[in-house]
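# Descriptive analysis of the structure
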Amino acid sequence: MRAPEQILTAEQMQAAEQRLIDGGETVESLMETAGAGAAAYVYRACGTRSVTVLCGPGNNGGDGYVIARHLQARGVEVQVVAPLDPATDVAKAARVAWGGTPVETASEAVFVDCLFGTGLGRPLDDDLLGLLHKLAEAHDYRIAVDLPSGVDSDSGELLNDALPQYDCTIALGAWKFSHWLMPAMDLMGTRKLVDIGVGPVSSAAHLSRAPKLTAPPRDAHKYSRGLLCVIAGDMPGASVLAASAARHGGAGYVKILAAEESQYFTAPHDVVIERGSLYDLVSDRRIDAFLVGPGLGLSDQARARLDWVLACDIPTVCDADALTLLEPSMIEGRDCPIIATPHAGELDRLANAFEATGMDRVEMISELAEDIEGVLVAKGPDTLIGSAGSAPVIMPPAPSWLSTAGTGDILAGLIASRLATGASSRKAAEQGCWLHGEAARIAGPAFSAEQLVEAVPAAYSAFL
Ligand SMILES: NC(=O)C1=CN([C@@H]2O[C@H](COP(=O)(O)OP(=O)(O)OC[C@H]3O[C@@H](n4cnc5c(N)ncnc54)[C@H](OP(=O)(O)O)[C@@H]3O)[C@@H](O)[C@H]2O)[C@H](O)CC1
Ligand SMILES: [K+]
(Lines give C-alpha, C1' and ligand atoms only; values in the text may rest on other atoms or scores of the structure.)
(Ligands and ions follow the chains in the order given, each with its own letter.)
Protein backbone atom coordinates (compact mmCIF):
# COMPACT_ATOMS: atom_id res chain seq x y z
CA MET A 1 0.00 0.00 0.00
CA ARG A 2 1.47 3.35 -0.90
CA ALA A 3 1.30 6.32 1.46
CA PRO A 4 1.57 9.29 -0.91
CA GLU A 5 0.59 11.87 1.65
CA GLN A 6 3.06 10.92 4.34
CA ILE A 7 5.80 13.41 5.24
CA LEU A 8 9.11 11.97 6.46
CA THR A 9 12.08 13.37 8.29
CA ALA A 10 15.46 12.70 6.68
CA GLU A 11 16.02 10.03 9.31
CA GLN A 12 12.66 8.34 8.63
CA MET A 13 13.47 8.48 4.92
CA GLN A 14 16.81 6.77 5.42
CA ALA A 15 15.14 4.09 7.56
CA ALA A 16 12.48 3.57 4.90
CA GLU A 17 15.23 3.30 2.26
CA GLN A 18 17.02 0.76 4.46
CA ARG A 19 13.83 -1.31 4.79
CA LEU A 20 13.54 -1.37 1.01
CA ILE A 21 17.17 -2.49 0.78
CA ASP A 22 16.57 -5.15 3.44
CA GLY A 23 13.63 -6.22 1.31
CA GLY A 24 15.80 -6.83 -1.73
CA GLU A 25 16.30 -3.41 -3.29
CA THR A 26 19.77 -1.87 -3.60
CA VAL A 27 20.82 1.77 -3.29
CA GLU A 28 21.59 1.55 -7.01
CA SER A 29 18.11 0.29 -7.87
CA LEU A 30 16.53 2.96 -5.67
CA MET A 31 18.63 5.67 -7.31
CA GLU A 32 17.73 4.29 -10.75
CA THR A 33 14.01 4.36 -9.92
CA ALA A 34 14.29 7.83 -8.39
CA GLY A 35 16.36 9.22 -11.23
CA ALA A 36 14.23 7.68 -13.98
CA GLY A 37 11.06 8.97 -12.32
CA ALA A 38 12.53 12.44 -11.98
CA ALA A 39 13.74 12.40 -15.59
CA ALA A 40 10.23 11.51 -16.72
CA TYR A 41 8.88 14.58 -14.93
CA VAL A 42 11.61 16.79 -16.43
CA TYR A 43 10.87 15.45 -19.92
CA ARG A 44 7.11 15.89 -19.47
CA ALA A 45 7.64 19.51 -18.37
CA CYS A 46 10.36 20.48 -20.83
CA GLY A 47 10.35 18.03 -23.73
CA THR A 48 13.62 18.12 -25.64
CA ARG A 49 14.63 21.62 -24.49
CA SER A 50 18.31 21.63 -23.53
CA VAL A 51 19.08 20.82 -19.89
CA THR A 52 21.86 21.57 -17.41
CA VAL A 53 22.16 19.28 -14.39
CA LEU A 54 24.14 20.52 -11.37
CA CYS A 55 25.48 17.44 -9.52
CA GLY A 56 26.71 17.47 -5.94
CA PRO A 57 28.94 14.95 -4.16
CA GLY A 58 26.23 12.84 -2.53
CA ASN A 59 23.37 10.71 -3.73
CA ASN A 60 21.36 13.75 -4.75
CA GLY A 61 24.18 14.30 -7.20
CA GLY A 62 23.93 10.60 -8.04
CA ASP A 63 20.30 11.19 -8.98
CA GLY A 64 21.53 13.94 -11.27
CA TYR A 65 23.77 11.62 -13.28
CA VAL A 66 20.89 9.13 -13.61
CA ILE A 67 18.59 11.95 -14.78
CA ALA A 68 21.20 13.12 -17.31
CA ARG A 69 21.54 9.62 -18.73
CA HIS A 70 17.78 9.09 -19.06
CA LEU A 71 17.24 12.48 -20.71
CA GLN A 72 20.07 11.91 -23.17
CA ALA A 73 18.51 8.53 -24.00
CA ARG A 74 15.39 10.50 -24.99
CA GLY A 75 17.39 12.73 -27.31
CA VAL A 76 17.67 15.68 -24.92
CA GLU A 77 20.90 17.71 -25.06
CA VAL A 78 22.25 17.61 -21.48
CA GLN A 79 25.22 19.36 -19.83
CA VAL A 80 26.41 18.35 -16.35
CA VAL A 81 28.15 20.79 -13.99
CA ALA A 82 29.91 18.94 -11.14
CA PRO A 83 31.77 21.30 -8.77
CA LEU A 84 32.48 18.39 -6.41
CA ASP A 85 33.32 14.83 -7.46
CA PRO A 86 30.95 12.06 -6.32
CA ALA A 87 31.82 10.89 -2.80
CA THR A 88 29.56 7.82 -2.55
CA ASP A 89 30.10 4.59 -4.46
CA VAL A 90 26.60 4.68 -5.93
CA ALA A 91 27.04 8.27 -7.09
CA LYS A 92 30.43 7.39 -8.61
CA ALA A 93 28.82 4.48 -10.43
CA ALA A 94 26.01 6.73 -11.66
CA ARG A 95 28.54 9.17 -13.04
CA VAL A 96 30.42 6.37 -14.85
CA ALA A 97 27.13 5.08 -16.25
CA TRP A 98 26.33 8.56 -17.52
CA GLY A 99 29.69 8.47 -19.32
CA GLY A 100 29.92 12.15 -20.17
CA THR A 101 32.37 14.91 -19.25
CA PRO A 102 31.15 17.66 -16.95
CA VAL A 103 31.48 21.32 -18.03
CA GLU A 104 32.46 24.30 -15.89
CA THR A 105 29.22 26.16 -16.44
CA ALA A 106 26.32 26.25 -18.89
CA SER A 107 23.44 28.39 -20.05
CA GLU A 108 20.63 26.25 -21.46
CA ALA A 109 16.85 26.24 -21.20
CA VAL A 110 16.24 24.03 -18.17
CA PHE A 111 18.23 23.93 -14.91
CA VAL A 112 18.06 20.79 -12.73
CA ASP A 113 19.43 21.24 -9.19
CA CYS A 114 20.96 17.99 -7.88
CA LEU A 115 23.56 19.68 -5.70
CA PHE A 116 22.18 18.62 -2.31
CA GLY A 117 19.13 16.85 -0.98
CA THR A 118 18.36 15.49 2.48
CA GLY A 119 22.05 15.16 3.32
CA LEU A 120 22.75 18.89 3.42
CA GLY A 121 24.48 19.41 6.72
CA ARG A 122 25.47 23.05 6.70
CA PRO A 123 25.08 26.25 4.65
CA LEU A 124 26.50 26.24 1.14
CA ASP A 125 29.87 27.95 0.95
CA ASP A 126 30.14 31.09 -1.17
CA ASP A 127 31.53 29.28 -4.21
CA LEU A 128 28.72 26.72 -4.31
CA LEU A 129 26.05 29.33 -3.57
CA GLY A 130 27.44 31.58 -6.27
CA LEU A 131 27.44 28.73 -8.80
CA LEU A 132 23.89 27.75 -7.83
CA HIS A 133 22.64 31.30 -8.39
CA LYS A 134 24.64 31.74 -11.59
CA LEU A 135 23.18 28.58 -13.12
CA ALA A 136 19.66 29.35 -11.88
CA GLU A 137 19.84 32.81 -13.43
CA ALA A 138 21.20 31.41 -16.73
CA HIS A 139 18.14 29.17 -17.31
CA ASP A 140 14.49 30.05 -17.72
CA TYR A 141 12.98 26.92 -16.14
CA ARG A 142 14.34 25.63 -12.83
CA ILE A 143 13.72 22.24 -11.26
CA ALA A 144 14.94 21.11 -7.82
CA VAL A 145 15.40 17.37 -7.30
CA ASP A 146 14.23 16.11 -3.91
CA LEU A 147 14.82 19.55 -2.36
CA PRO A 148 16.09 22.96 -3.41
CA SER A 149 19.76 22.94 -2.39
CA GLY A 150 20.26 24.98 0.75
CA VAL A 151 17.04 24.13 2.59
CA ASP A 152 16.94 22.07 5.78
CA SER A 153 14.85 18.99 5.01
CA ASP A 154 13.16 18.61 8.40
CA SER A 155 12.39 22.17 9.43
CA GLY A 156 11.80 24.13 6.22
CA GLU A 157 14.46 26.62 7.31
CA LEU A 158 16.88 28.06 4.74
CA LEU A 159 20.51 27.37 5.59
CA ASN A 160 21.58 30.17 3.26
CA ASP A 161 20.00 33.63 3.25
CA ALA A 162 19.08 33.89 -0.40
CA LEU A 163 18.28 30.82 -2.50
CA PRO A 164 16.91 30.58 -6.06
CA GLN A 165 13.18 30.27 -6.73
CA TYR A 166 12.18 27.06 -8.56
CA ASP A 167 9.36 26.34 -11.00
CA CYS A 168 9.09 22.75 -9.85
CA THR A 169 10.43 20.50 -7.07
CA ILE A 170 10.46 16.73 -7.58
CA ALA A 171 10.36 14.91 -4.21
CA LEU A 172 11.86 11.43 -4.14
CA GLY A 173 10.22 8.57 -2.25
CA ALA A 174 8.16 10.74 0.11
CA TRP A 175 7.40 14.35 0.96
CA LYS A 176 9.81 15.97 3.42
CA PHE A 177 8.67 18.62 5.91
CA SER A 178 10.37 21.42 3.98
CA HIS A 179 8.13 20.74 0.97
CA TRP A 180 5.23 22.06 3.08
CA LEU A 181 6.78 24.40 5.68
CA MET A 182 7.75 28.04 5.31
CA PRO A 183 10.06 29.55 4.28
CA ALA A 184 11.33 26.62 2.14
CA MET A 185 7.79 25.94 0.87
CA ASP A 186 7.87 29.24 -0.98
CA LEU A 187 10.85 28.19 -3.12
CA MET A 188 9.32 24.93 -4.39
CA GLY A 189 7.08 25.91 -7.32
CA THR A 190 4.79 23.03 -8.18
CA ARG A 191 5.57 19.89 -6.19
CA LYS A 192 5.78 16.43 -7.74
CA LEU A 193 6.39 13.12 -5.98
CA VAL A 194 8.29 10.14 -7.43
CA ASP A 195 7.18 6.83 -5.93
CA ILE A 196 10.09 4.50 -5.26
CA GLY A 197 8.10 1.98 -3.27
CA VAL A 198 8.27 3.54 0.20
CA GLY A 199 5.39 2.08 2.18
CA PRO A 200 3.52 3.55 5.16
CA VAL A 201 5.79 4.63 8.00
CA SER A 202 4.09 4.31 11.38
CA SER A 203 3.88 7.58 13.32
CA ALA A 204 4.79 9.58 10.22
CA ALA A 205 3.31 13.01 9.74
CA HIS A 206 1.06 13.42 6.75
CA LEU A 207 -0.65 15.94 4.51
CA SER A 208 -4.27 16.45 5.50
CA ARG A 209 -6.73 14.81 3.11
CA ALA A 210 -9.85 16.66 1.96
CA PRO A 211 -12.72 15.67 4.28
CA LYS A 212 -15.88 13.85 3.28
CA LEU A 213 -18.70 15.78 4.97
CA THR A 214 -22.31 14.69 5.09
CA ALA A 215 -25.75 16.29 5.07
CA PRO A 216 -27.75 15.98 8.31
CA PRO A 217 -29.81 12.80 8.71
CA ARG A 218 -33.49 13.14 7.77
CA ASP A 219 -34.64 13.21 11.39
CA ALA A 220 -32.11 15.86 12.41
CA HIS A 221 -33.08 18.97 14.36
CA LYS A 222 -31.08 21.97 15.51
CA TYR A 223 -30.04 20.37 18.79
CA SER A 224 -29.17 17.01 17.26
CA ARG A 225 -26.91 18.78 14.76
CA GLY A 226 -25.12 20.48 17.66
CA LEU A 227 -25.46 23.58 19.78
CA LEU A 228 -22.41 25.84 19.79
CA CYS A 229 -22.08 28.69 22.29
CA VAL A 230 -19.65 31.49 21.48
CA ILE A 231 -18.54 33.48 24.53
CA ALA A 232 -18.67 37.24 23.95
CA GLY A 233 -16.26 39.52 25.77
CA ASP A 234 -15.14 43.12 25.71
CA MET A 235 -15.10 43.34 21.88
CA PRO A 236 -18.23 41.47 20.71
CA GLY A 237 -17.58 42.05 16.98
CA ALA A 238 -15.09 39.17 16.82
CA SER A 239 -17.49 36.74 18.47
CA VAL A 240 -20.26 37.86 16.08
CA LEU A 241 -17.98 37.14 13.11
CA ALA A 242 -17.02 33.74 14.54
CA ALA A 243 -20.68 32.90 15.24
CA SER A 244 -21.71 34.05 11.75
CA ALA A 245 -19.21 31.64 10.23
CA ALA A 246 -20.15 28.83 12.61
CA ARG A 247 -23.73 28.91 11.25
CA HIS A 248 -22.36 27.44 8.01
CA GLY A 249 -19.99 24.91 9.57
CA GLY A 250 -22.51 22.18 10.29
CA ALA A 251 -23.76 23.02 13.81
CA GLY A 252 -27.56 23.26 13.98
CA TYR A 253 -27.75 26.09 16.49
CA VAL A 254 -25.30 28.92 17.32
CA LYS A 255 -25.65 31.23 20.30
CA ILE A 256 -23.57 34.08 21.66
CA LEU A 257 -23.42 34.24 25.46
CA ALA A 258 -22.90 37.80 26.67
CA ALA A 259 -22.54 39.27 30.14
CA GLU A 260 -25.55 41.26 31.34
CA GLU A 261 -23.50 44.44 31.62
CA SER A 262 -21.60 44.08 28.35
CA GLN A 263 -22.03 46.67 25.62
CA TYR A 264 -25.05 46.35 23.34
CA PHE A 265 -24.36 44.64 20.02
CA THR A 266 -26.31 42.92 17.24
CA ALA A 267 -25.80 39.71 15.32
CA PRO A 268 -27.47 38.04 12.30
CA HIS A 269 -31.04 37.07 13.20
CA ASP A 270 -30.21 33.35 13.11
CA VAL A 271 -27.57 33.80 15.80
CA VAL A 272 -29.24 34.03 19.22
CA ILE A 273 -27.69 36.43 21.75
CA GLU A 274 -28.31 35.35 25.34
CA ARG A 275 -27.46 37.84 28.05
CA GLY A 276 -27.06 37.05 31.73
CA SER A 277 -24.71 35.49 34.25
CA LEU A 278 -22.32 33.13 32.50
CA TYR A 279 -22.78 30.68 35.38
CA ASP A 280 -26.45 30.28 34.43
CA LEU A 281 -26.01 30.47 30.67
CA VAL A 282 -23.37 27.69 30.41
CA SER A 283 -25.38 25.29 32.57
CA ASP A 284 -27.63 24.39 29.60
CA ARG A 285 -27.01 20.63 29.25
CA ARG A 286 -27.75 20.84 25.51
CA ILE A 287 -24.55 22.75 24.78
CA ASP A 288 -22.22 20.59 22.66
CA ALA A 289 -19.25 22.94 22.29
CA PHE A 290 -17.88 26.33 23.31
CA LEU A 291 -15.78 28.84 21.44
CA VAL A 292 -13.99 31.28 23.74
CA GLY A 293 -11.43 33.91 22.89
CA PRO A 294 -12.44 36.06 19.93
CA GLY A 295 -12.96 39.53 21.38
CA LEU A 296 -12.77 38.16 24.94
CA GLY A 297 -10.32 40.78 26.19
CA LEU A 298 -7.57 40.31 28.79
CA SER A 299 -9.29 41.74 31.88
CA ASP A 300 -9.86 39.87 35.14
CA GLN A 301 -13.48 39.38 34.06
CA ALA A 302 -12.25 37.86 30.78
CA ARG A 303 -9.98 35.50 32.70
CA ALA A 304 -12.89 34.55 34.99
CA ARG A 305 -15.13 33.86 31.97
CA LEU A 306 -12.43 31.65 30.41
CA ASP A 307 -11.89 29.83 33.69
CA TRP A 308 -15.58 29.16 34.05
CA VAL A 309 -16.06 27.91 30.50
CA LEU A 310 -13.11 25.52 30.81
CA ALA A 311 -14.42 24.28 34.16
CA CYS A 312 -17.60 23.12 32.40
CA ASP A 313 -15.52 20.37 30.76
CA ILE A 314 -17.29 20.55 27.38
CA PRO A 315 -15.35 20.38 24.05
CA THR A 316 -13.99 23.88 23.65
CA VAL A 317 -12.09 25.88 21.05
CA CYS A 318 -9.71 28.41 22.60
CA ASP A 319 -8.67 31.18 20.22
CA ALA A 320 -7.19 34.69 20.32
CA ASP A 321 -7.33 36.27 23.82
CA ALA A 322 -8.12 32.90 25.42
CA LEU A 323 -4.68 31.74 24.25
CA THR A 324 -3.06 34.74 25.85
CA LEU A 325 -4.81 33.97 29.14
CA LEU A 326 -4.59 30.13 29.04
CA GLU A 327 -2.60 28.59 31.89
CA PRO A 328 -1.99 24.89 32.64
CA SER A 329 -4.05 25.14 35.83
CA MET A 330 -7.15 26.09 33.83
CA ILE A 331 -7.29 22.74 32.05
CA GLU A 332 -6.37 20.49 34.95
CA GLY A 333 -8.93 17.78 35.55
CA ARG A 334 -10.71 18.24 32.24
CA ASP A 335 -11.70 15.13 30.32
CA CYS A 336 -13.01 16.85 27.21
CA PRO A 337 -10.37 18.04 24.73
CA ILE A 338 -9.68 21.62 23.88
CA ILE A 339 -8.62 22.85 20.46
CA ALA A 340 -6.17 25.75 20.56
CA THR A 341 -5.81 27.83 17.39
CA PRO A 342 -2.73 30.05 17.88
CA HIS A 343 -1.10 32.26 15.29
CA ALA A 344 2.71 32.46 15.50
CA GLY A 345 2.82 34.99 18.34
CA GLU A 346 0.23 33.14 20.41
CA LEU A 347 2.12 29.88 19.76
CA ASP A 348 5.28 31.33 21.29
CA ARG A 349 3.30 32.58 24.28
CA LEU A 350 1.66 29.17 24.77
CA ALA A 351 5.04 27.46 24.48
CA ASN A 352 6.32 29.62 27.33
CA ALA A 353 3.18 29.15 29.45
CA PHE A 354 3.38 25.36 29.03
CA GLU A 355 7.21 25.17 29.05
CA ALA A 356 7.37 23.67 25.58
CA THR A 357 10.37 25.71 24.44
CA GLY A 358 13.78 24.94 22.91
CA MET A 359 12.45 22.73 20.13
CA ASP A 360 11.60 23.21 16.46
CA ARG A 361 8.09 24.15 15.44
CA VAL A 362 6.96 20.62 14.51
CA GLU A 363 8.12 19.15 17.82
CA MET A 364 6.67 22.12 19.74
CA ILE A 365 3.23 21.64 18.23
CA SER A 366 3.18 17.95 19.13
CA GLU A 367 4.45 18.71 22.62
CA LEU A 368 1.88 21.46 23.21
CA ALA A 369 -0.94 19.23 21.96
CA GLU A 370 0.09 16.70 24.62
CA ASP A 371 0.31 19.44 27.26
CA ILE A 372 -3.18 20.75 26.57
CA GLU A 373 -4.41 17.16 26.10
CA GLY A 374 -6.08 18.17 22.91
CA VAL A 375 -5.40 19.59 19.49
CA LEU A 376 -3.28 22.54 18.48
CA VAL A 377 -3.78 24.31 15.14
CA ALA A 378 -0.62 26.36 14.49
CA LYS A 379 -2.03 28.81 11.96
CA GLY A 380 0.05 30.38 9.24
CA PRO A 381 0.81 30.15 5.52
CA ASP A 382 1.81 26.61 6.53
CA THR A 383 -0.78 25.41 9.05
CA LEU A 384 0.33 22.50 11.22
CA ILE A 385 -2.09 20.49 13.37
CA GLY A 386 -0.76 18.61 16.37
CA SER A 387 -2.93 16.28 18.41
CA ALA A 388 -2.21 14.38 21.60
CA GLY A 389 -1.13 10.84 20.78
CA SER A 390 -1.03 11.33 17.00
CA ALA A 391 1.49 12.39 14.39
CA PRO A 392 1.33 15.95 13.11
CA VAL A 393 -0.78 16.86 10.10
CA ILE A 394 0.11 19.62 7.64
CA MET A 395 -2.65 21.48 5.79
CA PRO A 396 -2.10 22.10 2.08
CA PRO A 397 -1.41 25.81 1.50
CA ALA A 398 -4.46 28.10 1.51
CA PRO A 399 -4.82 31.37 -0.46
CA SER A 400 -2.64 34.21 0.85
CA TRP A 401 -5.73 36.47 0.68
CA LEU A 402 -6.60 34.99 4.09
CA SER A 403 -4.09 37.46 5.54
CA THR A 404 -6.85 39.93 6.41
CA ALA A 405 -8.59 40.96 9.64
CA GLY A 406 -11.27 38.62 10.93
CA THR A 407 -10.29 35.43 9.12
CA GLY A 408 -8.89 33.99 12.37
CA ASP A 409 -12.27 34.51 14.07
CA ILE A 410 -13.91 32.76 11.12
CA LEU A 411 -11.57 29.78 11.30
CA ALA A 412 -12.23 29.45 15.03
CA GLY A 413 -15.98 29.58 14.37
CA LEU A 414 -15.75 26.88 11.69
CA ILE A 415 -13.65 24.55 13.85
CA ALA A 416 -16.00 25.08 16.81
CA SER A 417 -18.99 24.38 14.58
CA ARG A 418 -17.45 21.10 13.43
CA LEU A 419 -16.74 20.26 17.09
CA ALA A 420 -20.40 20.94 18.00
CA THR A 421 -21.52 18.45 15.35
CA GLY A 422 -19.73 15.74 17.32
CA ALA A 423 -16.63 15.45 15.14
CA SER A 424 -13.54 14.43 17.10
CA SER A 425 -11.31 17.35 18.06
CA ARG A 426 -8.68 16.36 15.52
CA LYS A 427 -11.21 15.94 12.67
CA ALA A 428 -13.00 19.15 13.67
CA ALA A 429 -9.72 21.03 13.41
CA GLU A 430 -8.88 19.62 9.97
CA GLN A 431 -12.41 20.01 8.63
CA GLY A 432 -12.59 23.60 9.86
CA CYS A 433 -9.29 24.37 8.13
CA TRP A 434 -10.48 22.77 4.88
CA LEU A 435 -13.73 24.75 4.92
CA HIS A 436 -11.76 27.92 5.62
CA GLY A 437 -9.27 27.36 2.79
CA GLU A 438 -11.93 26.28 0.27
CA ALA A 439 -14.10 29.30 1.16
CA ALA A 440 -11.08 31.51 0.49
CA ARG A 441 -10.55 29.87 -2.91
CA ILE A 442 -14.23 30.38 -3.74
CA ALA A 443 -14.29 33.98 -2.47
CA GLY A 444 -11.51 34.83 -4.93
CA PRO A 445 -9.03 37.73 -4.68
CA ALA A 446 -9.22 40.51 -2.09
CA PHE A 447 -12.25 39.18 -0.20
CA SER A 448 -13.40 40.73 3.09
CA ALA A 449 -14.12 38.67 6.20
CA GLU A 450 -17.84 38.98 5.51
CA GLN A 451 -17.38 37.70 1.94
CA LEU A 452 -15.36 34.79 3.30
CA VAL A 453 -18.27 33.88 5.58
CA GLU A 454 -20.68 34.07 2.61
CA ALA A 455 -18.50 31.61 0.67
CA VAL A 456 -18.59 28.90 3.37
CA PRO A 457 -21.80 27.13 2.19
CA ALA A 458 -20.30 26.69 -1.29
CA ALA A 459 -17.11 25.45 0.36
CA TYR A 460 -19.15 22.96 2.39
CA SER A 461 -20.79 21.58 -0.75
CA ALA A 462 -17.30 20.94 -2.21
CA PHE A 463 -16.80 18.27 0.47
CA LEU A 464 -20.20 16.59 0.30
N1 LIG B 1 15.63 8.69 0.02
C2 LIG B 1 15.53 7.92 -1.04
O3 LIG B 1 14.66 7.09 -1.18
C4 LIG B 1 16.52 8.13 -2.07
C5 LIG B 1 17.32 9.24 -1.98
N6 LIG B 1 18.23 9.49 -2.89
C7 LIG B 1 18.87 10.77 -2.99
O8 LIG B 1 19.84 10.79 -1.99
C9 LIG B 1 19.80 12.07 -1.37
C10 LIG B 1 20.42 11.96 -0.03
O11 LIG B 1 21.74 11.59 -0.32
P12 LIG B 1 22.92 12.00 0.67
O13 LIG B 1 24.18 11.56 0.04
O14 LIG B 1 22.59 11.53 2.02
O15 LIG B 1 22.86 13.59 0.75
P16 LIG B 1 23.13 14.72 -0.30
O17 LIG B 1 23.20 14.16 -1.67
O18 LIG B 1 22.22 15.80 0.02
O19 LIG B 1 24.64 15.25 0.02
C20 LIG B 1 25.32 14.87 1.12
C21 LIG B 1 26.78 15.05 0.73
O22 LIG B 1 27.06 16.44 0.63
C23 LIG B 1 28.07 16.80 1.57
N24 LIG B 1 27.64 18.10 2.12
C25 LIG B 1 26.62 18.35 2.92
N26 LIG B 1 26.48 19.68 3.11
C27 LIG B 1 27.46 20.26 2.37
C28 LIG B 1 27.84 21.61 2.14
N29 LIG B 1 27.17 22.63 2.67
N30 LIG B 1 28.90 21.87 1.35
C31 LIG B 1 29.56 20.83 0.79
N32 LIG B 1 29.27 19.51 0.95
C33 LIG B 1 28.21 19.26 1.75
C34 LIG B 1 28.08 15.70 2.57
O35 LIG B 1 29.36 15.53 3.04
P36 LIG B 1 29.76 15.98 4.53
O37 LIG B 1 30.82 16.99 4.32
O38 LIG B 1 28.55 16.56 5.20
O39 LIG B 1 30.18 14.72 5.16
C40 LIG B 1 27.70 14.51 1.73
O41 LIG B 1 28.85 14.08 1.03
C42 LIG B 1 18.36 12.41 -1.40
O43 LIG B 1 18.12 13.79 -1.24
C44 LIG B 1 17.95 11.93 -2.76
O45 LIG B 1 18.17 12.91 -3.73
C46 LIG B 1 18.71 8.37 -3.69
O47 LIG B 1 19.15 8.74 -4.91
C48 LIG B 1 17.63 7.38 -4.08
C49 LIG B 1 16.59 7.14 -3.13
K1 LIG C 1 18.59 19.35 -4.92
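An unreviewed UniProt entry lists the protein under the name Bifunctional NAD(P)H-hydrate repair enzyme, with Aurantiacibacter sediminis given as the organism. Per UniProt, the protein carries the Subunit (unreviewed entry) text "Homotetramer."

## So, the UniProt feature "domain: YjeF C-terminal" (unreviewed entry) in the protein
Per the UniProt record, "domain: YjeF C-terminal" (unreviewed entry) is annotated on residues 205-463. Between the end C-alpha atoms of residues 205-463 there is a gap of 23 Å, over a span that is 41% helix and 15% strand.

## Observations concerning the site of ligand 1
Taken together, 22 residues surround ligand 1, and among them E17, N60, D63, G117 and D146 come closest. Relative to its unbound accessible surface of 930 Å², ligand 1 loses 80% to contact with the protein. Listing elements by their share of the shell around ligand 1, those giving two or more residues are α1 (10-22), α2 (27-46) and α3 (59-73). No other element matches the 3 residues that α3 contributes to the shell around ligand 1. Of the residues belonging to the shell around ligand 1, the class tally is 11 nonpolar, 7 polar and 4 charged.

## Here we look at the UniProt feature "binding site: AMP" (unreviewed entry) in the protein
The UniProt entry lists K379, G380, P381, D382, T383 and G408 under the feature "binding site: AMP" (unreviewed entry), expressed in the numbering used here. Across 30 residues of sequence, these annotated residues stay compact in space, with a maximum C-alpha separation of 14.2 Å. When you line up the elements, K379 lands in the loop between β16 (375-378) and β17 (384-387). Not counting chain neighbours up to four residues away, the residues in contact with K379 comprise D319, T341, P342, H343, A344, R361, G408 and L411. Within the local environment of K379, its side chain forms a polar contact with the side chain of D319, the two groups lying 3.5 Å apart. Tracing the sequence through the fold places D382 in the loop between β16 and β17.

## Some points on the sheet that holds β17
Pairing is mixed across the open sheet formed by 12 strands, whose spatial order is β7-β1-β9-β18-β17-β16-β15-β14-β13-β10-β11-β12. Each edge of the open sheet carries a strand with a single partner, namely β7 (175-176) and β12 (272-275). Relative to strand β15 (residues 338-340), strand β14 (residues 316-318) runs parallel, the two being bridged by 3 bridges. Residue C318 lies in a different strand from β15, and its bridge partner there is A340. The sheet contacts of α1 involve β1 (6-8) and β7, and relative to β1 the element is tilted by about 105 degrees. The sheet contacts of helix α15 (residues 425-443) involve β9 (205-207), β15, β16, β17 and β18 (393-394), and relative to β16 the element is tilted by about 20 degrees.

So, how was this worked out
- Residues numbered from 1 in each chain as written.
- Chains lettered and ligands numbered in written order.
- Predicted model: local features only at pLDDT ≥ 70, side-chain atom pairs only at ≥ 80, totals over all residues.
- Heavy atoms only, no water.
- UniProt positions renumbered as here; feature names shortened; annotations may be inferred.
- Helix = DSSP H or I, 4+ residues; strand = E, 2+ residues; numbered from the N terminus.
- Near = heavy atom within 4 Å.
- Areas by Shrake-Rupley, 256 points an atom, 1.4 Å probe, with all protein chains shown as cover.
- Nonpolar A, V, L, I, M, F, W, Y, C, P; charged D, E, K, R; others polar.
- Contact = heavy atoms within 4.5 Å.
- Polar contact = N/O pair within 3.5 Å; in protein donor to acceptor, adjacent residues only side chain to side chain.
- Pairing = 2+ DSSP bridges.
- Axes fitted to C-alpha atoms, helices over the stretch in contact; angles between N-to-C directions.

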